[in-house]
Amino acid sequence: MQGLGELDSLYRDIILDHYRSPRNSSPLEDPDVEVEAANPFCGDEVKVQLKAADSVIESVSVAGRGCSISQSSGSLMSELVKGKTPDEARAIRGLFQGLMKGQALSEAQLLELGDLEALQGVRTYPVRIKCALLAWSALDDALKQLAKRS
Ligand code: ZN
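None of the values given here were measured: they were computed from a predicted structure. (Residues numbered from 1 in each chain as written. Predicted model: local features only at pLDDT ≥ 70, side-chain atom pairs only at ≥ 80, totals over all residues. Heavy atoms only, no water.)

### Some points on the packing of helix α2 (residues 68–81) against helix α5 (residues 126–149)
Their axes nearest at 8 Å, the elements α2 and α5 cross at an angle of 35°. Between α2 and α5 the crossing geometry is right-handed. Touching I69, S70, S73, G74, M77, L80 and V81 of α2 are R128, C131, A132, A135, W136 and L139, all from α5. Residues that form the contact of α2 with α5 fall into these classes: nine nonpolar, three polar and one charged. (Axes fitted to C-alpha atoms, helices over the stretch in contact; angles between N-to-C directions. Helix = DSSP H or I, 4+ residues; strand = E, 2+ residues; numbered from the N terminus. Left-handed = near helix turned anticlockwise from the far one by under 90°. Contact = heavy atoms within 4.5 Å. Nonpolar A, V, L, I, M, F, W, Y, C, P; charged D, E, K, R; others polar.)

Set out below in C-alpha coordinates:
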(Lines give C-alpha, C1' and ligand atoms only; values in the text may rest on other atoms or scores of the structure.)
Protein backbone atom coordinates (compact mmCIF):
# COMPACT_ATOMS: atom_id res chain seq x y z
CA MET A 1 0.00 0.00 0.00
CA GLN A 2 1.62 3.18 -1.19
CA GLY A 3 2.98 5.42 1.52
CA LEU A 4 2.46 2.95 4.32
CA GLY A 5 5.62 0.97 3.81
CA GLU A 6 7.76 3.41 5.73
CA LEU A 7 5.49 3.69 8.74
CA ASP A 8 6.18 2.03 12.06
CA SER A 9 4.62 -1.43 12.02
CA LEU A 10 2.48 -0.84 15.13
CA TYR A 11 1.08 2.29 13.56
CA ARG A 12 0.58 0.47 10.27
CA ASP A 13 -1.44 -2.22 12.05
CA ILE A 14 -3.76 0.38 13.59
CA ILE A 15 -4.26 2.09 10.24
CA LEU A 16 -4.97 -1.15 8.39
CA ASP A 17 -7.34 -2.35 11.11
CA HIS A 18 -9.44 0.80 10.78
CA TYR A 19 -9.21 0.67 7.00
CA ARG A 20 -10.46 -2.93 6.84
CA SER A 21 -13.03 -2.60 9.62
CA PRO A 22 -14.11 1.04 9.67
CA ARG A 23 -15.94 2.08 12.84
CA ASN A 24 -19.28 3.88 12.76
CA SER A 25 -19.60 3.46 9.00
CA SER A 26 -23.30 2.57 8.89
CA PRO A 27 -25.36 5.50 7.60
CA LEU A 28 -27.52 7.30 10.16
CA GLU A 29 -31.26 7.03 9.60
CA ASP A 30 -32.03 10.60 10.49
CA PRO A 31 -28.87 12.74 10.47
CA ASP A 32 -29.04 16.43 11.39
CA VAL A 33 -26.31 17.25 8.89
CA GLU A 34 -24.48 15.46 6.12
CA VAL A 35 -21.33 16.56 4.31
CA GLU A 36 -19.44 14.92 1.48
CA ALA A 37 -15.85 15.69 0.65
CA ALA A 38 -13.40 14.47 -1.95
CA ASN A 39 -9.67 14.59 -2.43
CA PRO A 40 -9.09 14.57 -6.20
CA PHE A 41 -5.34 14.13 -5.79
CA CYS A 42 -5.83 10.63 -4.47
CA GLY A 43 -9.43 9.78 -5.38
CA ASP A 44 -10.59 9.67 -1.76
CA GLU A 45 -14.23 10.26 -0.89
CA VAL A 46 -15.83 10.57 2.48
CA LYS A 47 -19.32 11.28 3.79
CA VAL A 48 -19.79 12.49 7.34
CA GLN A 49 -23.18 12.47 9.06
CA LEU A 50 -23.87 13.88 12.50
CA LYS A 51 -26.75 13.78 14.87
CA ALA A 52 -26.65 16.03 17.90
CA ALA A 53 -28.61 16.03 21.14
CA ASP A 54 -28.18 18.29 24.18
CA SER A 55 -25.28 20.03 22.36
CA VAL A 56 -23.32 16.79 22.15
CA ILE A 57 -22.50 14.79 19.02
CA GLU A 58 -24.76 11.88 19.79
CA SER A 59 -24.18 9.81 16.65
CA VAL A 60 -21.69 9.99 13.86
CA SER A 61 -21.29 8.09 10.64
CA VAL A 62 -18.21 8.26 8.45
CA ALA A 63 -18.27 6.30 5.23
CA GLY A 64 -16.34 6.52 2.02
CA ARG A 65 -13.78 4.97 -0.22
CA GLY A 66 -10.20 5.67 -1.05
CA CYS A 67 -6.77 5.07 0.34
CA SER A 68 -6.09 3.49 3.71
CA ILE A 69 -4.93 6.79 5.21
CA SER A 70 -8.08 8.73 4.32
CA GLN A 71 -10.43 5.97 5.42
CA SER A 72 -8.65 5.02 8.64
CA SER A 73 -8.46 8.69 9.61
CA GLY A 74 -12.25 8.94 9.19
CA SER A 75 -12.83 5.80 11.24
CA LEU A 76 -10.55 7.02 14.03
CA MET A 77 -12.26 10.41 13.90
CA SER A 78 -15.69 8.84 14.34
CA GLU A 79 -14.55 7.17 17.55
CA LEU A 80 -12.95 10.34 18.87
CA VAL A 81 -15.79 12.81 18.30
CA LYS A 82 -18.73 10.65 19.35
CA GLY A 83 -20.09 11.97 22.63
CA LYS A 84 -18.08 15.20 22.36
CA THR A 85 -19.39 18.74 22.08
CA PRO A 86 -18.75 20.54 18.77
CA ASP A 87 -16.12 22.69 20.50
CA GLU A 88 -14.33 19.62 21.80
CA ALA A 89 -14.45 18.01 18.36
CA ARG A 90 -12.99 21.16 16.79
CA ALA A 91 -10.23 21.19 19.40
CA ILE A 92 -9.29 17.61 18.51
CA ARG A 93 -9.23 18.57 14.84
CA GLY A 94 -6.91 21.46 15.70
CA LEU A 95 -4.54 19.12 17.50
CA PHE A 96 -4.53 16.68 14.61
CA GLN A 97 -3.89 19.46 12.09
CA GLY A 98 -1.01 20.58 14.29
CA LEU A 99 0.39 17.06 14.37
CA MET A 100 0.16 16.85 10.57
CA LYS A 101 1.95 20.20 10.23
CA GLY A 102 4.80 18.88 12.30
CA GLN A 103 4.03 20.70 15.55
CA ALA A 104 5.31 19.03 18.69
CA LEU A 105 2.39 18.02 20.87
CA SER A 106 2.53 17.48 24.62
CA GLU A 107 1.90 14.04 26.14
CA ALA A 108 -1.55 15.22 27.24
CA GLN A 109 -2.38 16.39 23.74
CA LEU A 110 -1.23 13.10 22.22
CA LEU A 111 -3.41 11.26 24.74
CA GLU A 112 -6.40 13.20 23.45
CA LEU A 113 -5.66 11.99 19.94
CA GLY A 114 -5.44 8.36 21.05
CA ASP A 115 -4.81 5.94 18.19
CA LEU A 116 -4.97 8.83 15.74
CA GLU A 117 -1.32 9.27 16.67
CA ALA A 118 -0.73 6.31 14.36
CA LEU A 119 -1.13 8.68 11.42
CA GLN A 120 1.70 10.97 12.48
CA GLY A 121 4.17 9.24 10.16
CA VAL A 122 2.06 10.50 7.25
CA ARG A 123 3.32 14.04 7.81
CA THR A 124 6.58 13.18 6.12
CA TYR A 125 4.56 12.59 2.90
CA PRO A 126 3.04 15.99 2.11
CA VAL A 127 0.77 14.52 -0.59
CA ARG A 128 -0.81 12.18 1.94
CA ILE A 129 -1.57 14.89 4.50
CA LYS A 130 -4.61 15.83 2.41
CA CYS A 131 -5.75 12.21 2.70
CA ALA A 132 -5.38 12.25 6.48
CA LEU A 133 -7.23 15.55 6.88
CA LEU A 134 -10.09 14.90 4.42
CA ALA A 135 -12.62 13.50 6.92
CA TRP A 136 -11.71 16.22 9.40
CA SER A 137 -12.39 18.93 6.87
CA ALA A 138 -15.82 17.35 6.20
CA LEU A 139 -16.40 17.24 9.96
CA ASP A 140 -15.62 20.94 10.23
CA ASP A 141 -18.18 21.74 7.52
CA ALA A 142 -20.71 19.49 9.21
CA LEU A 143 -20.19 21.27 12.54
CA LYS A 144 -20.68 24.64 10.84
CA GLN A 145 -23.98 23.44 9.36
CA LEU A 146 -24.99 22.05 12.72
CA ALA A 147 -24.34 25.42 14.36
CA LYS A 148 -26.57 27.15 11.80
CA ARG A 149 -29.43 24.81 12.56
CA SER A 150 -29.58 25.47 16.29
ZN1 ZN B 1 -5.67 9.25 -0.13
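That covers the picture; the talk isn't over yet.
### Considerations on the packing of aromatic side chains
With the rule as written, the count across this model stands at one aromatic pair. For the pair F96 and W136, a centre-to-centre distance of 5.4 Å together with 45° between the ring planes defines the contact as tilted. Highlighted residues: F96 in helix α3 (residues 86–100) and W136 in helix α5, separated in sequence by 40 residues. Of the two residues examined, F96 and W136, each falls in the buried class. (Phe/Tyr/Trp six-rings, centres within 6.5 Å; stacked < 30°, edge-to-face > 60°. Buried < 20%, exposed > 50% of the residue type's maximum accessible area, 1.4 Å probe, protein only.)

### Quick word on the environment of A132
Within the fold, A132 resides in helix α5. What makes A132 buried here is its relative accessible area of 0%. Along the backbone, A132 and S73 are 59 residues apart, and their C-alpha atoms lie at a distance of 5.7 Å. If we skip the residues at most four places from it in the chain, A132 touches I69, S73, F96, M100 and V122.

### Quick word on the coordination of the zinc ion
In this structure, C42 (SG), D44 (OD), D44 (OD), C67 (SG) and C131 (SG) serve as the protein donors to the zinc ion, at separations of 2.1 to 2.8 Å. Counting the intervening residues between successive donors of the zinc ion yields the motif C-x1-D-x22-C-x63-C. Taken together, the positions of C67 in the loop between β3 (56–65) and α2 and C131 in helix α5 put the pair 64 residues apart, joining distant regions of the chain. Here the two residues C67 and C131 agree in accessibility, since each one is buried. (Donors = N, O, S within 2.8 Å, 3.2 Å for Na, K, Ca; no water.)

### Overview of the pairing of strand β1 (residues 33–39)
Moving residue by residue along a regular strand, the side chains alternate between the two faces of the sheet. Side-chain alternation along β1 places V33, V35, A37 and N39 on a buried face and E34, E36 and A38 on a face that remains uncovered. Both β1 and strand β2 (residues 44–53) contribute to a ladder of seven bridges, which runs antiparallel. Its bridge partner lying in β2, A38 is registered against E45. Turn length for the β1-β2 hairpin, with the two strands adjacent in sequence and antiparallel, is four residues, and the turn residue G43 shows positive phi of about 85°. (Pairing = 2+ DSSP bridges.)

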